[in-house]
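Structure assessment
As a plain string of letters, each chain reads:
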Amino acid sequence: MTALLLHPYTDSVMRKDLMDILACPVCKTPLELTVEGDEGDEVIQGALRCSNCGDVYPIRDRIPNLLPKAMRG
Ligand SMILES: [Zn+2]
């Protein structure tokens, strides 16, 4: 599980229990989860927000996009 912290650019399916280990890739602040659609423990659509940077990382089709905004192009 620590691999997620070392390599935040994961293809892992977004599960609500990942909130325990997910942190902002820029400043390592714990992220806030907004759920727009879910199925059991999996988040299908939503967003992860860093309260420190204000950056929002989208979750689309269960995959969280944790690329920093500057690297998303
Ligand atoms: Zn941050």
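Reading guide: rules and limits
Residues numbered from 1 in each chain as written. Predicted model: local features only at pLDDT ≥ 70, side-chain atom pairs only at ≥ 80, totals over all residues. Helix = DSSP H or I, 4+ residues; strand = E, 2+ residues; numbered from the N terminus. Buried ≥ 20, exposed ≤ 12 C-beta atoms within 10 Å, placed from the backbone. Pairing = 2+ DSSP bridges. Core = buried A, V, L, I, M, F, W, Y, C linked by C-beta atoms within 7 Å. pLDDT = per-residue confidence, 0-100. Contact = placed C-beta atoms within 7 Å.

A positive phi angle, near 70 degrees, is found at Lys 28, a position not held by glycine. Here Lys 28 lies in the loop between α1 (3-6) and β1 (31-39). With 12 C-beta atoms packed within 10 Å, Lys 28 lands in the exposed category. Look at Asp 61: it is not a glycine, yet its phi comes out positive at around 50 degrees. For Asp 61, the position within the fold is in the loop between β3 (56-60) and β4 (63-64).

Our next topic: the pairing of strand β2 (residues 42-50). Sheet topology places β1 next to β2; eight bridges connect them, and they run antiparallel. Bridge pairing links Leu 31 to Cys 50 in β2. Hairpin geometry of β1 and β2 is characterised by an intervening segment of two residues between the two adjacent antiparallel strands and by a positive phi of about 65 degrees at Gly 40. Connecting the antiparallel pair β2 and β3 is a turn made up of five residues, with Gly 54 showing a positive phi of about 80 degrees.

It is worth spelling out the nonpolar core at this point. Of all hydrophobic cores here, the largest spans 11 residues; its members are Met 14, Leu 18, Leu 22, Cys 24, Leu 31, Val 43, Leu 48, Cys 50, Tyr 57, Ile 59 and Leu 66. Listed by contribution, the elements that provide at least two residues to this core are β2 and β3. In terms of residue count, β2 provides more of this core than any other element does, three residues in total.

Another aspect to go through is the confidence of the model for the protein. In this model, the protein carries an average pLDDT of 86, and 82% of its residues clear a pLDDT of 70 or more. Across residues 1-7, where pLDDT falls below 50, the model places six contacts with residues more than four positions away in sequence or in other chains.

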